[in-house]
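Remarks on the overall topology
Okay, here's what each chain looks like letter by letter:
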Amino acid sequence: MNSIFAIVIPYWGQSLLRVLGGLVAVLLPAGTIVYLFLFKMMSFMQSRLGPMEAGPYGSLQLVAEVGKWMQKEDIVPQRADKLIFKIAPVVVLVSTFLLVVVVPFGPDAYFTNFETGVFYALAVSSISVLGILMAGWASANKYSLLGGLRAAGQLIAYELPMVLAVMGVVIQAGTMNMQQIVVAQNSDSIFGFDGLGNPYILTQMIGFIVFMISIQAELTQAPFDMPIAESELVSGYMTEYSGFRFLIFFIGEFATAGVFAMIASVLFLGGWGVPFAWFGWNSVNDVADWMNLVGPIILISKMMLVVFIIMWIRFSYPRFREDQLQRFAWKILIPVSLANIMVTAVLKVAL
Amino acid sequence: MAKIPGLVKGLGVTFGTMMRTITKGANTVQYPHEKEIPPIRSRGVIALHQDNCTSCMLCSRSCPDWCIYIEAHKDLAPPRREGGKVRTVNKLDRFDIDYALCMYCGICVEVCPFDALFWSPEYEYSEPNIADLLHDKTKLSEWMETVPEAPALEAGADKKKK
Amino acid sequence: MTLTSDRLGDRQKLSYIAGQAADARLNLELETEGMTLNIGPQHPATHGTLRIVARLDGEQVVWAEPSCGYMHRGYEKLTEVRTYPQVTTLVNRIDWLGSFANEVPFILAAEKLMGVEAPSRAQWIRTILFELSRIANVSLFLGDLGVQLGAITPVFLAFRDREYVLNLIESATGGRFHPNFDRIGGLKDDLPAGFIDETKAVMKKLRNFCDEIERLLFGNEIFQSRTRGIGIIPRGIALQYGLSGPNLRASGVDWDLRRDQDIAMAWNKVNFKVWTHPDGDSFARCWIRLQETREATLIVDQLLDGLPSGPVMAKVPKIIKVPEGEAWVSTENPLGEMGYYVVSRGDLGPFRVKIRSASFNNISITPWLLRGVYVPDIITILASLYFILGDIDR
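Residues numbered from 1 in each chain as written. Chains lettered and ligands numbered in written order. Predicted model: local features only at pLDDT ≥ 70, side-chain atom pairs only at ≥ 80, totals over all residues. Heavy atoms only, no water.

A tally of regular secondary structure across chain C gives 16 helices and eight strands. Its C-alpha atoms give chain C principal-axis dimensions of about 110 × 50 × 35 Å. Looking at the 394 residues of chain C, the share that counts as buried comes to 60%. Residue pairs at least 24 apart in sequence account for 70% of intrachain contacts in chain C once pairs closer than 6 positions are excluded. Looking at chain C as shown, the accessible area adds up to about 15,100 Å², and 53% of this sits on carbon and sulfur atoms. With 44 positive and 47 negative side-chain charges, chain C shows a spacing of 3 Å between the two charge centroids. (Helix = DSSP H or I, 4+ residues; strand = E, 2+ residues; numbered from the N terminus. Buried < 20%, exposed > 50% of the residue type's maximum accessible area, 1.4 Å probe, protein only. Contact = heavy atoms within 4.5 Å. Areas by Shrake-Rupley, 256 points an atom, 1.4 Å probe, with all protein chains shown as cover. Lys, Arg positive; Asp, Glu negative; His and termini not counted. Charge placed at Lys NZ, Arg CZ, Asp CG, Glu CD.)

So, on to the packing of aromatic side chains. Counted under the stated rule, the structure contains 29 aromatic pairs over all chains. Ring geometry for Phe114(A) versus Tyr120(A): centroids 5.1 Å apart, planes at 65°, classification edge-to-face. Tyr120(A) gets classed as partly exposed once you look at its relative accessible area, which sits at 22%. Considering the side-chain rings of Phe218(C) and Phe223(C), the 5.2 Å spacing of their centres and the 55° angle between planes classify their relative orientation as tilted. Owing to a relative accessible area of 2%, Phe218(C) belongs among the buried residues under this scheme. Pairwise contacts between aromatic rings join Tyr99(B), Tyr104(B), Trp119(B), Tyr125(B) and Trp143(B) into one cluster. Above the plane of the ring of Phe283(C) lies Arg228(C), whose end atom (NZ or CZ) is 4.0 Å from the centre. Above the ring of Phe351(C), the side-chain terminus of Arg345(C) is found at 4.0 Å from the ring centroid. (Phe/Tyr/Trp six-rings, centres within 6.5 Å; stacked < 30°, edge-to-face > 60°. Lys NZ or Arg CZ within 6 Å of the ring centre and 35° of its normal.)

Attention shifts here to the interface of chain A and chain B. With 14 residues of chain A at the contact, the number on the chain B side is 14 residues. Summed over both sides, the interface of chain A with chain B buries roughly 1,300 Å², with 67% coming from carbon and sulfur. Linking chain A with chain B are seven residue pairs in polar contact (both at pLDDT 80 or more). When residues of the side of chain A that touches chain B are traced back to their parent elements, those giving at least two are α1 (11–45) and α12 (291–316) of chain A. Per-element accounting of the side of chain A that touches chain B gives the leading share, five residues, to α12(A). By residue class, the composition of the side of chain A that touches chain B is ten nonpolar, two polar and two charged. (Buried area = accessible area lost by both parts, 1.4 Å probe. Polar contact = N/O pair within 3.5 Å; in protein donor to acceptor, adjacent residues only side chain to side chain. Nonpolar A, V, L, I, M, F, W, Y, C, P; charged D, E, K, R; others polar.)

All names here are of chain B. Side chains Val-45 and Ala-47 of strand β1 (residues 45–48) all project onto a buried face; the interleaved residues Ile-46 and Leu-48 project onto the opposite face, where all are buried too. Taken together, the four bridges between β1 and strand β4 (residues 117–120) define a ladder with antiparallel strand orientation. Each bridged residue has a counterpart across the sheet, and for Ala-47 the counterpart in β4 is Phe-118. (Pairing = 2+ DSSP bridges.)

A separate point is the sheet that holds strand β6 (residues 325–332) of chain C. All names here are of chain C. The strand order β6-β7-β8 describes an open sheet built from three strands, whose pairing is antiparallel. With partners counted over all chains shown, the strands left at the sheet margins are β6 and β8 (352–356), one partner each. Strand-to-strand twist in this sheet, taken as the mean axis angle between neighbours without regard to direction, amounts to 10°. Contacts from helix α4 (residues 100–114) reach β6, β7 (337–344) and β8 within the one sheet, and its direction differs from that of β6 by about 145°. (Axes fitted to C-alpha atoms, helices over the stretch in contact; angles between N-to-C directions.)

This next bit is on the interface of chain B and chain C. Of the residues lining the interface, 33 residues belong to chain B; the matching set on chain C comes to 43 residues. For the pairing of chain B and chain C, the buried interface totals around 3,000 Å² over both sides, and the portion due to carbon and sulfur atoms is 50%. Considering only the surface of chain B that becomes buried against chain C, Arg41(B), Arg43(B) and Glu154(B) emerge as the three largest contributors, covering 22% of it. If you look at where chain B meets chain C, you find three salt bridges. The salt bridge partner of Arg183(C) is Glu110(B), with a shortest N-O separation of 2.6 Å. Along the contact surface separating chain B from chain C lie 16 residue pairs in polar contact (both at pLDDT 80 or more). (Salt bridge = Lys/Arg side-chain N within 4 Å of Asp/Glu carboxyl O.)

In this section: the sheet that holds strand β3 (residues 87–98) of chain B. Residues and elements named next belong to chain B. Pairing in this open sheet of three strands is antiparallel, and the strands run β2-β3-β5 from one edge to the other. The outermost strands of the open sheet, each flanked by one partner alone, are β2 (68–77) and β5 (134–135). Sheet topology note: the β3/β5 ladder contains two bridges and is antiparallel. From the neighbouring strand, Asp-98 faces β5, where its bridge partner is Leu-134.

Everything listed here is a matter of geometry and, on its own, says nothing about what the molecule does.
As structure tokens, then:
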């Protein structure tokens, strides 16, 4: 995008806009998710109203929380490994920002257009594992160490089902480019009926379910929150963090939830688009320019739907034990997703 | 019909609770904007009816925490009728209840033979300074205005009250 | 460079040997035998200030031991210098969740020494309040069980429905948590008007709550895989360690003091089922408590229907001096068997009271039970044994 409204923007201007856009794309959904789902939806599921005092209906509660966390004392344990202790939250947050650059928000509104977008996304999402391990080890606390080790085992185990679930989508779309996947879903048709496009959730339902379970585990949400396990480990790897560093972990958790949900809606729900047949477009070049403004809104609403499901499961289920978790990943999820890939490949060639 | 797995039923419970809260309101009370009214017998604060108190010290002695402080002196009062005996009456100097110690058990109210102490459901009297939790006899008499009538008893109860 | 090389000087050989020795020493130091983990006394998982010292090998427990006493308040010493009404007030606070249930055995022991029996209306109301406190206690357990295992929603549902029971107790006695309502010879007061209808409505709500918890928590496959087969207590071991209450019934022992004892309460006037379970694992203990809550609501309904009329206080003197003697009374409290051994020398207050609380014996089994389990299972087992710190430490 080297011009908006026919004004040519110099390269440094484009980079600045991209940086600002990236910040907004990560932090705005994170804030909305925290308010809508963590404060309000969780409270409604528990027969109570949630925060109501800060701002109308408690909408400014997150601002109050940010202010509270920022003014707390920054405590670093005496025997902690200081440099790693301080870097760990930043590593977790950086992986989220790196992940959002590959999500397309509209026909021309994207940060980058990698040919191997899916591959890049899956690779970069593993950086947060490093951050969690660093936090667990550098805290000089037995509880944190336990939490960090549990996290390492769990997150690495659930990387595989995530990758395999996405493979089905890639085979069906025939490309790893996220933008092309969106276009393929919206311009395709189901057995000749093109009123709905061809969102891959219909054909890749098993892949979708496996992907959702893997995201739940990657985000260490219940039922996979052994690393945090509040009633046993007091907060797992986050125990020793206070003030601003804890805020980064907290925002990082919900920002990552938002970005993973965006990726899920791009891969399975049709991303920023509505079925092209509604407007008579034939390819991505036909798509009108106002889609650049409406596309992000559509993507955000699909993201909200996916996050609703993630949070709903989080608030309803108890947690797995570590060995049950691993057994579930290795013995159930991976064979199921492998079978899914085989069936998809066979049907793609046959049909 | 196939058995619905328990996982799905659990989701139904939380979703149902959420819809119920959205349509019918929550089960919580938004204090301090709305306040719940406690039942009549609720033990909030103890009120003193000074005229009835004869400083017999029964309440002070029976308190498990020894939080009631009473000081009194004897005064002479004129006889009730002509040519009668001069009466001595007890005059209360000090009747303090220390609510920082009080465990709200109600033994003092029950034990008082002259009906000088009453329970009131008033509960909003917390103070930032702990010394202010020692209510003297003026403040205790003020609580008398908040004492409700005793509730009617359930069917089958003995009509004779204590 | 190797030690066999002839071109090495003596100094280099010595430094090589010193390096090997240093490595060996470091290996010995790092020879990890296992980590000692201190769970508590300040911890979200334990119901109060209990400390469990566990020696771990990775995620498995090699040896664990509870260390209680952080909440010892000296009850038995306190009772030596107080009168009977004052002791009744104190005793509320032992098991603070089902607090009316603590007063009852003490008052029954004092009445036994005096030779006084409360009128039948008082006995029935005592039983109603006893069962209400059982419901309040165990419904909190059902919610807390979710939190220990990671489900954060059931606890709010539990507190929401427990409020109704606490409001009932408050309308009758004046105090939500510490009713202080039992007196030697009967009760302090009669029930307020409207109590019977309101209680019946609340019991219906609680049965709905039990159904909800069953669907949300007990039917959940994750919950079942976390609790089935964990912490199995065989029948003989349970009897040896002195377990009582639902913990004992979960191991298949058919033992309920309400049905088997003949004391001055109204349990032998109503029909109720005693639930047992053959497995003896954590799921059995939790499931039995759920069924007992339902059963308690049915007991309360029956008691309300048949409530006799009459006085609530027997003819006792104003200042009560209990004659000399010793008496032991125990009842089926929400946590297990709770008993009082009251020694009286004819005074205004007891000479000595020995309190047998259920949780102290219930957690004595933890060293035996926690060998070889995983760390998350420690929490599950402690949650299913269900103790209250005030009950352990008194």
